[in-house]
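# An overview of the molecular structure
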Amino acid sequence: MLSKVIAQANIDHAEKWFERADKIVIVTHVSPDGDAIGSSLGLCHFLESQEKTVNVIVPNAFPDFLRWMPGAKDIIRYDKYAEFAGKLLNEADVICCLDFNALSRIDAMADAVAQSPARKMMIDHHLHPESFCRIIISHPEISSTSELVFRLICRLGYFEDITKEGAECIYTGMMTDTGGFTYNSNNREIYFIISELLSKGIDKDEIYRKVYNTYSEGRLRLMGYVLYDKMQVFPQFNSALIWLTKEEQRKFQYIKGDTEGFVNIPLSIKNIIFSVFLREDTEKNMIKISLRSVGTFPCNKVAAEFFNGGGHLNASGGEFYGTMEEAIELFKQALVKYEELLLAKK
């Protein structure tokens, strides 16, 4: 049995909204990851089973290794079809905002979502939600938004209506947002949910292969280059840094998703508990920051204090507007500031 994480008042409100709605739009954050796409498609499949008209809109492209997911081919990109997407948002009865909790996280879509007369519902697991939605289902203690979507569907009494396709999407989101269940995944209820998803006929091993073992040759060569030439270890701080410029990404025919998971690699080095990846964005004039940690080191605090970001204890992100040299220097300042926590005895 699952504990009742979501407040009953939110369940009641969501039930009424879904019952009354004909047109529902699901939106998620910029540069969507596995949990963003998984939770969005998982909820989409469920709502379609209730005979609703559902559209999923994302701000920009998502990685190729998620395109196999049932329903992915129907996702609408706002950066390519802004006028059509804007019309759908304006005509929606309900807009479900998944895996983000601030309008700034949906980039150019923000005004269209904010100005839509639709009722707005947030389903998310990040800290400090903003109040742009009337229903806020926000639970940072939960491993993924996909897990929250599963819990919501079950609390509404519709577990039987979860299809194999919906289950595949939910499982993918749960798997990717925990690094294949290697962090933020010690809650035993996660594995109860997995067993329930397996009962829907999903092949979790095949899903793993589709997500993690279908990369391009360019990605493997880029990974080798990063490990040999672009990784710096700071043993005196139990930390590591990797970084990539636009030019280096072009050299290896970079496509979106090719650097997925790179930030986790240094954590396999003995005694390294904190890893940061700095990557010059290929679409905007900024540096994307990925931060990962193990144990109790709060990489989300480093992200917030130094890189205009945030996230979870062991997995966070941020942005930096400046040169790569300045970003690296900022990283080094963070190591000095957090030296005591980085060297704390476990």
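Keep in mind the model is a prediction, meaning the values are calculated, not measured.

Moving on, we come to the pairing of strand β4 (residues 94–98). Counting buried residues along β4, 5 of its 5 residues qualify, which places the element largely inside the surrounding structure. By the alternation rule, side chains of β4 split into Val94, Cys96 and Leu98 and Ile95 and Cys97, which are all buried. Note: strand β1 (residues 23–28) against β4, 5 bridges, orientation parallel. Bridge pairing links threonine 28 to leucine 98 in β4.

A few words on the sheet that holds strand β10 (residues 287–293). The sheet built from 6 strands is open, its strands ordered β7-β8-β9-β10-β12-β11 with mixed pairing. Of all the strands in the sheet, just β7 (231–234) and β11 (310–311) have a single pairing partner and so form its edges. With 4 bridges joining them, β7 and strand β8 (residues 239–244) adopt antiparallel strand pairing. The residue bridging valine 233 from the neighbouring strand is alanine 240, located in β8. Its contacts with the sheet place helix α9 (residues 217–229) against β7 and β8, and it is angled at close to 130° to β8.

This paragraph deals with the sheet that holds β4. What links the strands of a sheet is backbone hydrogen bonding, and the strands pair in either a parallel or an antiparallel sense. Judged by pairing direction, the sheet is parallel, and its 6 strands sit side by side in the order β3-β2-β1-β4-β5-β6 without closing on themselves. With one partner strand each, in any of the chains shown, β3 (76–77) and β6 (135–138) form the two edges of the open sheet. Direction of pairing for strand β5 (residues 119–124) relative to β6: parallel, over a ladder of 4 bridges. Bridge assignment links isoleucine 123 to a residue of β6, and that residue is isoleucine 137. Its contacts with the sheet place helix α5 (residues 145–155) against β4, β5 and β6, and it is angled at close to 120° to β5.

Attention now moves to the UniProt feature "domain: DDH" (unreviewed entry) in the chain. The feature "domain: DDH" (unreviewed entry), as given by UniProt, occupies residues 23–174 in the numbering adopted here. In residues 23–174, the share of helix is 36% and the share of strand is 19%. The end C-alpha atoms are 27 Å apart.

If you look at the biggest cluster of nonpolar residues, it comprises 53 residues, and the most contacted ones within it are Phe18, Ile26, Leu43, Cys96, Ile123, Leu152 and Leu197. Judged by nonpolar contacts, the second largest core, of 27 residues, contains Leu278, Phe320, Met324 and Ile328.

Attention now moves to the side chain of serine 316. Its place among the elements puts serine 316 in strand β12 (residues 315–320). We classify serine 316 as buried; its relative accessible area is 7%. If sequence neighbours within four positions are ignored, serine 316 has contacts with Ile289, Ser290, Leu291, Arg292, Cys299, Asn300, Ala303, Gly310 and Gly311.

Let us now look at the domain arrangement of the chain. Each domain of the chain was delimited in the assignment, giving domain 1 (8–212) and domain 2 (217–343). For domain 1 and domain 2, the distance between their C-alpha centroids amounts to 27 Å. When domain 1 packs against domain 2, the two sides together hide about 1,000 Å² of surface, and 53% of this comes from carbon and sulfur. At the boundary of domain 1 with domain 2, the tally comes to 1 salt bridge.

Here we take up the environment of threonine 323. Along the chain, threonine 323 turns up in the loop between β12 and α12 (324–337). When its relative accessible area of 36% is taken as the criterion, threonine 323 is described as partly exposed. When the C-alpha positions of threonine 323 and isoleucine 287 are compared, they lie 8.0 Å apart, and in sequence the two are 36 residues distant.

Right, let's get into the environment of lysine 164. Assignment of secondary structure puts lysine 164 in helix α6 (residues 164–176). The exposure class of lysine 164 is partly exposed, given its relative accessible area of 39%. The contacts of lysine 164, once residues within four sequence positions are left out, are Lys200, Gly201 and Ile202.

Scanning all chains against the criterion turns up 14 aromatic pairs. Ring geometry for tyrosine 225 against phenylalanine 252: centres 5.3 Å apart, planes inclined by 35°, an arrangement best described as tilted. Of the two residues, tyrosine 225 sits in helix α9 while phenylalanine 252 sits in the loop between α10 (246–251) and β9 (274–280), which places them 27 residues apart along the sequence. Neither residue differs from the other here; tyrosine 225 and phenylalanine 252 are each classed as buried. Between phenylalanine 274 and phenylalanine 297, the aromatic rings sit 4.8 Å apart at their centres with planes inclined by 50°, giving tilted as the arrangement. A residue pair is termed long-range when its members are at least 10 positions apart, and phenylalanine 274 in strand β9 and phenylalanine 297 in the loop between β10 and α11 (299–306) qualify at 23 residues.

What counts as what
- Residues numbered from 1 in each chain as written.
- Predicted model: local features only at pLDDT ≥ 70, side-chain atom pairs only at ≥ 80, totals over all residues.
- Heavy atoms only, no water.
- Buried < 20%, exposed > 50% of the residue type's maximum accessible area, 1.4 Å probe, protein only.
- Helix = DSSP H or I, 4+ residues; strand = E, 2+ residues; numbered from the N terminus.
- Pairing = 2+ DSSP bridges.
- Contact = heavy atoms within 4.5 Å.
- Axes fitted to C-alpha atoms, helices over the stretch in contact; angles between N-to-C directions.
- UniProt positions renumbered as here; feature names shortened; annotations may be inferred.
- Core = buried A, V, L, I, M, F, W, Y, C linked by side-chain atoms within 4.5 Å.
- Domains from an automatic or database assignment.
- Buried area = accessible area lost by both parts, 1.4 Å probe.
- Salt bridge = Lys/Arg side-chain N within 4 Å of Asp/Glu carboxyl O.
- Phe/Tyr/Trp six-rings, centres within 6.5 Å; stacked < 30°, edge-to-face > 60°.

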